[in-house]
Amino acid sequence: MRTKYLLIALLSATVAACGEDTNNCGEGNDGLPALFSEEDYSQTHWFSFIGVGESNRLSGNDTGHDTLFQAHFQDKADYEVQVAPRDKYSEACYIITGKPVTIGSQVALTVEKVTFGGLQGADVTLEPDPVTHEFPTQVVVGRTFGEGKLSIDVFSGTGAADFPAFQEEIAVPDAPELTRFDNHKSPDLAAGLTIEVTVERENPLVVEWVPGHGQRIEVTMIPGAGSSTQYQKLRCITYDDGCLEIPRLAINNLALDDATNFRLQVERHNTVPVLFKDGGVVTAVAVIDVCSQVEGVVGR
């Protein structure tokens with residue numbers, strides 16, 4: 001199954017730099033990059049999310065390399081989301097214990113098409129359903145990211161329900177290169193690694209990678225085979241500085257699930273907000289998110 005983008009994490013480009021000899025993870029070092037101004041987003045009900053995610057799934061039942069393209073343009077005046085319940089274990093890490101609750105409904109705004117350029121192959125164009133105006137997601141097999149920037153062109157009219165047309169570019173993040181996962185150095189996620197997911201674990205689970213130029217790194221562990229929980233997942237969001245400590249209490253809690261393995265996802269994200277204003281008032285917001293992900297299944 002493909003990873004879906006999460007709209008609740010609108011993060012800025014504040015990234016902590018680090019060197020190999022710096023102890024840059026653990027309490028006081030791991031944390032959520034600064035959020036965009038909530039004031040900007042509270043002025044409008046017109047929102048767009050445009051996402052591109054390149055995934056390399058190295059082990060599990062759905063291995064392969066592909067890229068997902070998606071675009072959503074919605075009027076959320078009568079729509080509200082109560083985020084899924086979660087238990088927080090550090091500034092970076094929490095465990096989701098349920099599913100979000102939605103109230104009301106969204107109304108699709110109209111856009112003619114969205115074109116993605118700067119790819120290794122041909123441009124990718126998304127076109128909406130002529131009746132619902134919703135854009136279906138498109139999956140392209142294989143790698144598509146180039147070495148430069150990804151361009152996004154949104155073509156739209158000027159009607160009362162038309163989302164504003166715009167052009168934007170965003171830097172493509174490199175795929176994360178893990179150098180440590182728990183006790184494994186230079187871990188190979190295709191090798192069926194096992195880690196200590198137990199209620200007796202006494203040390204944090206350390207994740208290290210080659211620092212890049214992403215705005216954030218996301219690490220997710222989802223219970224797999226034999227799981228006794230429907231929605232539980234461990235999620236950490238932190239700086240792209242090369243190191244993260246997942247608190248032992250989070251692992252102790254995750255170990256209460258009966259799963260015999262866990263789906264591990266490590267993602268590097270870049271995000272760009274596009275604000276449309278009229279007389280200083282924000283009338284519409286578009287969020288563009290580009291992600292490179294490596295994924296594998298690890299045993300306990």
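Residues numbered from 1 in each chain as written. Predicted model: local features only at pLDDT ≥ 70, side-chain atom pairs only at ≥ 80, totals over all residues. Heavy atoms only, no water.

## With respect to the overall build of the chain
For clarity, the cut-off: What counts as a helix is a DSSP run of H or I of at least four residues, what counts as a strand is a run of E of at least two, and both are numbered from the N terminus. Based on C-alpha atoms, the radius of gyration is set beside the globule rule, defined as 2.2 Å times the residue count to the power 0.38. Here the term buried applies to any residue with accessible area under 20% of the maximum for its type, exposed to any over 50%, and partly exposed to those in between, with areas from a 1.4 Å probe on protein chains only.
In terms of helices and strands, the chain carries two helices and 20 strands. In terms of overall size, the chain behaves like a compact globule, its C-alpha atoms giving a radius of gyration of 20 Å where 300 residues would be expected to give roughly 19 Å. Overall, the chain is about 60 × 40 × 40 Å in size when its C-alpha atoms are taken along their principal axes. When burial is assessed residue by residue, the chain has 47% of its 300 residues classed as buried.

## Here's the deal with the sheet that holds strand β13 (residues 178-181)
Cut-off, in case you're wondering: A strand pair is defined by DSSP finding two or more bridges across the two strands.
One open sheet holds the four strands; their spatial order is β14-β13-β15-β18, and the pairing between them is antiparallel. A single partner strand is all that each edge strand has here, and the edge strands are β14 (184-185) and β18 (243-246).

## A word on the side chain of D240
Test applied: Here a polar contact means two N or O atoms within 3.5 Å. Within protein one must be a hydrogen donor candidate and the other an acceptor candidate, and residues neighboring in sequence count only if both atoms are side-chain atoms.
Structurally, D240 can be placed in the loop between β17 (233-238) and β18. Looking at D240, the relative accessible area reads 1%, which means it is buried. A distance of 2.8 Å separates a polar atom in the side chain of D240 from a polar atom in the side chain of W209. Side-chain polar atoms of D240 contact the backbone nitrogen of G212, separated by 3.3 Å.

## Points about the confidence of the model for the chain
The condition is simple: Every residue is assigned a pLDDT by the predictor, reflecting its confidence on a scale from 0 to 100. Residue contacts are defined here by distance: any two heavy atoms, one from each residue, within 4.5 Å place the two residues in contact.
When pLDDT is averaged along the chain, the result is 89; 90% of the residues meet or exceed 70. Low pLDDT, under 50, characterises residues 1-22; the predicted model gives this stretch 64 contacts beyond four residues in sequence or across chains.

## What about the state of the cysteines?
So the rule is basically this: Cysteine sulfur atoms are paired as a disulfide whenever they come within 2.5 Å of each other.
The tally for this structure, following the rule as stated, stands at two disulfides. The disulfide bridge from C25 ends at C243, spanning 2.0 Å between sulfur atoms. Taken together, the residues C25 in the segment before α1 (38-41) and C243 in strand β18 connect sequence positions 218 residues apart. Each disulfide pairs two cysteine sulfurs, and for C93 the partner residue is C236, the sulfurs being separated by 2.0 Å. Because the torsion about its S-S bond is 110 degrees, the bridge between C93 and C236 counts as right-handed. Pair noted here: C93 is in strand β5 (residues 93-96) and C236 is in strand β17, with a separation of 143 residues, a long-range link. The same class applies to C93 as to C236, namely buried. When the cysteines engaged in disulfides are numbered in sequence order, the chain pairs them as 1-4, 2-3.

## Considerations on the environment of A284
Note that A284 resides in strand β20 (residues 281-299). Separated by 238 residues in the primary sequence, A284 and W46 have C-alpha atoms spaced 4.8 Å apart. Non-local contacts of A284, meaning those with residues more than four positions away in its chain, are made with T44, W46, F163, P164, V274, L275 and F276.

## Structural notes on unusual backbone geometry
A positive phi is found at H133, a non-glycine position, where the angle reads about 70 degrees. Its place among the elements puts H133 in the loop between β9 (124-126) and β10 (138-141). Look at D182: it is not a glycine, yet its phi comes out positive at around 60 degrees. Looking at the secondary structure, you find D182 in the loop between β13 and β14.

## Overview of the sheet that holds strand β8 (residues 113-117)
Basically, it comes down to this: Here an angle of 0 to 180 degrees is reported between the N-to-C directions of two axes, which are lines fitted to C-alpha atoms, with helices fitted over the stretch in contact.
Reading across the sheet, the four strands line up as β9-β8-β11-β12 and stay open at both edges, with antiparallel pairing between neighbours. With one partner strand each, in any of the chains shown, β9 and β12 (166-171) form the two edges of the open sheet. Geometrically, the sheet is characterised by an average inter-axis angle of 15 degrees between neighbouring strands, direction not taken into account.

## Quick notes on the pattern of salt bridges
Basically, it comes down to this: Every case where a carboxyl oxygen of Asp or Glu lies within 4 Å of a side-chain nitrogen of Lys or Arg is listed as a salt bridge.
For the coordinates displayed, the defined rule picks out 12 salt bridges. In this structure, E218 and R235 form a salt bridge, with 2.8 Å as the shortest nitrogen-oxygen distance. Here E218 is found in strand β16 (residues 216-223), whereas its partner R235 is found in strand β17, with 17 residues between them in sequence. Take R235: its relative accessible area is 3%, and that puts it in the buried class. Each of R216, E218, R235 and D289 takes part in a single network of salt bridges with overlapping partners.

## A look at the pairing of β5
Side chains C93 and I95 of β5 all project onto a buried face; the interleaved residues Y94 and I96 project onto the opposite face, where all are buried too. Hairpin remark: strand β4 (residues 86-88) followed by β5, antiparallel, with four residues in the connecting loop. In this structure, β5 lies alongside β17, joined through four bridges in antiparallel fashion. Following the sheet pairing, I95 is matched in β17 by L234.

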